[in-house]
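# Observations on chain architecture
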Amino acid sequence: MSGTSLDGVDIALIETDGERVHVVKGHNNFLEPLGPTGYRGYADDEKALLRAATKDAESVLHPGDRPGRLPEAEAFVTLAHAEAVERFLEEHGLSASEIDVIGFHGQTVIHRPDQRISIQIGDGQALATRLGIPVVSDLRRADIEAGGQGAPLVPVFHKALAEASGFDGPFGILNIGGVANATLIDSKGGVIAFDTGPGNALIDEWMQEREGKNLDDGGRTAARGRPDEQLLAWLLTHPFFFRKPPKSLDRNWFSHKLAGQLSTEDGAATLTAFTARAVARALDHAPEIPTRWIVAGGGARNGELVRLLNYHLRAEITTADAIGWSSAYLEAQAFAYLAVRSLKGLPITLPSTTGVREAITGGVLTRP
């Protein structure tokens with residue numbers, strides 16, 4: 001998984017039949033990890049390439065368009081994922097023949113479901129050929145072509161993992177990557193899911209511009225600042241927050257530059273508060289208000305953001321790591337799970353998660 005935060009490639013190995021996730025409870029009911037994980041970070045010049053490709057993608061009119069630096073970026077994304085898998089297999093003493101399938105998300109450069117466009121660059125065939133392992137990629141296309149939002153894709157995994165862990169609703173799973181998305185499971189086991197708004201992307205871009213840092217470590221910069229209440233109130237009038245789910249967000253709909261007149265600390269505080277309040281605002285559309293939340297993704301490591309979520313959500317907040325799930329690798333695990341469901345023709349999106357007309361499978365299988 002390479003997310004919209006553009007930090008690198010997350011890799012995770014799980015064992016599943018595409019329906020159940022095997023969870024082991026250890027001491028004090030702490031859940032054992034699903035499997036080993038790994039990471040291949042992007043260098044500064046590689047991040048710059050991906051940012052340039054994302055900018056070039058703004059001119060895309062058709063799903064097959066690859067203007068500007070997109071071809072170069074697509075080749076790089078494929079290579080980076082190949083290197084990540086090769087290193088992972090070597091570190092864990094595994095051979096390619098022991099892996100049934102790879103779920104390859106690719107790098108999102110544009111997401112406009114209303115125009116039937118969502119592009120995740122990365123060559124599934126080239127990846128399968130190099131690694132000698134079947135690859136399932138292009139996991140959003142079928143949903144979008146059938147009228148769905150193509151996002152979020154992780155809810156079916158969230159629900160399987162929650163059931164295996166023995167968690168009952170109403171509760172929510174909040175994944176805070178570049179964009180934040182929530183999966184809400186009600187007391188009858190029903191599930192709805194949607195993007196809530198910006199996640200880490202605006203905060204990360206703010207810190208990069210102001211401090212030359214990749215992120216606000218622990219949220220400490222934001223904690224020293226004061227949010228601009230007038231700006232926050234205006235941001236939350238964006239039409240996205242009034243739309244009923246299912247709904248998804250293109251990370252380029254909002255810019256960190258909206259806080260450009262503020263000090264570094266106040267800008268970080270404002271953008272962090274924006275992420276938290278957008279999640280709280282999303283509960284306007286919840287059939288049942290969650291009494292417990294599990295927070296995953298890079299945002300789970302931002303102490304100030306978690307503090308604000310505690311304040312605004314008025315519910316029990318637990319990070320994924322605190323219960324034995326993986327905050328950092330939950331999405332990578334999800335795409336492994338989705339790849340197996342795709343192989344078996346099982347649904348990966350539902351009307352209540354993406355707005356697709358009916359539950360459908362998705363993904364394109366390529367073999368070495």
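Residues numbered from 1 in each chain as written. Predicted model: local features only at pLDDT ≥ 70, side-chain atom pairs only at ≥ 80, totals over all residues. Heavy atoms only, no water.

## What about the UniProt feature "binding site: ATP" (unreviewed entry) in the chain?
As annotated in UniProt, the feature "binding site: ATP" (unreviewed entry) corresponds to Gly3, Thr4, Ser5, Leu6, Asp7, Gly8, Val9 and Asp10 in the numbering used here. Relative to the helices and strands, Asp7 is located in the segment before β1 (8-12). Not counting residues within four places of it along the chain, the set of residues in contact with Asp7 comprises Tyr39, Gly41, Tyr42 and Lys47. In this fold, Gly8 is placed in strand β1. (UniProt positions renumbered as here; feature names shortened; annotations may be inferred. Helix = DSSP H or I, 4+ residues; strand = E, 2+ residues; numbered from the N terminus. Contact = heavy atoms within 4.5 Å.)

## Some thoughts on the sheet that holds strand β8 (residues 179-185)
Note on sheets: strands pair through backbone hydrogen bonds, and any given pair is parallel or antiparallel. A sheet is described by the order of its strands in space; here five strands give the open sequence β9-β8-β7-β10-β11, paired in mixed fashion. The open sheet has two free edges, formed respectively by β9 (191-198) and β11 (316-319), since each of these has just one partner strand. For this sheet, the mean angle separating the axes of adjacent strands, direction not counted, is 20°. As paired elements, strand β10 (residues 292-296) and β11 share four bridges and run parallel to each other. For Arg292, the partnering residue across the bridge sits in β11 and is Glu316. (Pairing = 2+ DSSP bridges. Axes fitted to C-alpha atoms, helices over the stretch in contact; angles between N-to-C directions.)

## Observations regarding the nonpolar core
Counting 43 residues, the largest nonpolar core has Leu174, Phe274, Trp293 and Leu309 as the members making the most contacts within it. Elements that contribute at least two residues to this core include exactly β7 (171-176), β8, β9, α6 (201-211), α8 (229-235), α9 (264-282), β10 and α10 (303-313). Broken down by element, the residue count for this core peaks at eight residues, all from α9. Dropping the residues within four chain positions of it, Phe274 is found in contact with Pro198, Leu202, Leu232, Leu235, Leu236, Phe241 and Phe254. Grouped together as the second largest cluster of nonpolar side chains are 36 residues, Val136, Leu161, Ala320 and Phe335 included. (Core = buried A, V, L, I, M, F, W, Y, C linked by side-chain atoms within 4.5 Å. Buried < 20%, exposed > 50% of the residue type's maximum accessible area, 1.4 Å probe, protein only.)

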